[in-house]
Amino acid sequence: MSDGLDREYLAYVHGRVQELRRTAYLLSGDRHQADDLVQETLTKLYARWPRIRGVDNVDAYTHTMLVRAFLDDRRRGWWKVRLLNWTPEPPPPDQGEPEDRAVVRAALAGLPPRQQAVLVLRYLCDRPIKEVAELMRCSEGTVKSQTAHGLNRLRELLGPRFPQNTVARSRG
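A quick note: this is a predicted structure, and the numbers were derived from the prediction, not measured. (Residues numbered from 1 in each chain as written. Predicted model: local features only at pLDDT ≥ 70, side-chain atom pairs only at ≥ 80, totals over all residues. Heavy atoms only, no water.)

## Quick word on helix α3 (residues 58-76)
Here α3 is 19 residues long and its end C-alpha atoms lie 27 Å apart, about the 27 Å a rise of 1.5 Å per residue gives. All of the buried residues along α3 are Val58, Thr62, His63, Thr64, Met65, Leu66, Val67, Ala69, Phe70, Leu71 and Asp73. Where the residues of α3 are buried, they touch α1 (3-28), α2 (31-52), α5 (113-124) and α6 (129-136). (Helix = DSSP H or I, 4+ residues; strand = E, 2+ residues; numbered from the N terminus. Expected span 1.5 Å × (residues − 1). Buried < 20%, exposed > 50% of the residue type's maximum accessible area, 1.4 Å probe, protein only. Contact = heavy atoms within 4.5 Å.)

Structure follows, in structure tokens:
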């Protein structure tokens, strides 16, 4: 790429990388995996930047790439090898009780990837149904049904410890 395109790409990335890392962390629940997802997304973005930079909504395109990277990673994740026999815990977000966050995070990780992605994007990233549908390249009806199924499954996993109206509002 030319220096002008490189500067434009770098300016875009510097302005968005923290939001991408936050979304990737909320999707994956692991800081290292989140960094890998962001790196994969930014690498693909760089390779396509000359074509993508003229798109009406580059942010939506980039977030779609991130969500697709997460879903693809989940689909092919069975072959991954862990080098450690334990997973380091990321620092907790600032909201809620620490033990509640860990329980909700574990329950989210137990959902199918699409349900997990829908719930993270809808409730933790505060994205509207239409935008989630665009990011995941599916219909709004699919987002609604995945949300309903995901919330029902979370309620089953979390049990009576969490009131039903708390599950959808949980952050972290």
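More follows now that the structure is in view.
## Structural notes on the environment of glycine 141
With respect to the helices, strands and loops of the structure, glycine 141 is situated in helix α7 (residues 140-158). The spatial distance from the C-alpha of glycine 141 to the C-alpha of isoleucine 129 is 8.9 Å, given a sequence separation of 12 residues.

## Here's the deal with the nonpolar core
Ranked by size, the top nonpolar core spans 43 residues in total, and within it Leu42, Leu45, Trp49, Leu108, Val120, Leu121 and Met136 carry the most contacts. It is α1 that provides the largest number of residues to this core, a total of 9 residues. (Core = buried A, V, L, I, M, F, W, Y, C linked by side-chain atoms within 4.5 Å.)

## Quick look at the pattern of salt bridges
With the rule as written, the count across this model stands at 7 salt bridges. Among the ionic pairs, arginine 21 bridges to aspartate 35, the shortest N-O distance being 2.9 Å. Residue arginine 21 is found in helix α1, and its partner aspartate 35 is found in helix α2; the two are separated by 14 residues along the sequence. With relative accessibility at 31%, the residue arginine 21 sits in the partly exposed group. Look at aspartate 35 and you get partly exposed, because its relative accessible area is 29%. The salt bridge partner of glutamate 40 is lysine 44, with a shortest N-O separation of 3.2 Å. Here lysine 44 and glutamate 40 lie together in helix α2, a separation of 4 residues that amounts to about one turn. Each of Glu19, Arg127 and Glu131 takes part in one network of salt bridges that share partners. (Salt bridge = Lys/Arg side-chain N within 4 Å of Asp/Glu carboxyl O.)

## Side note on the environment of proline 50
With respect to the helices and strands, the residue proline 50 is situated in helix α2. For proline 50, a relative accessible area of 42% gives the class partly exposed. As for proline 50 and tyrosine 9, which are separated by 41 residues in sequence, their C-alpha atoms are 9.1 Å apart.

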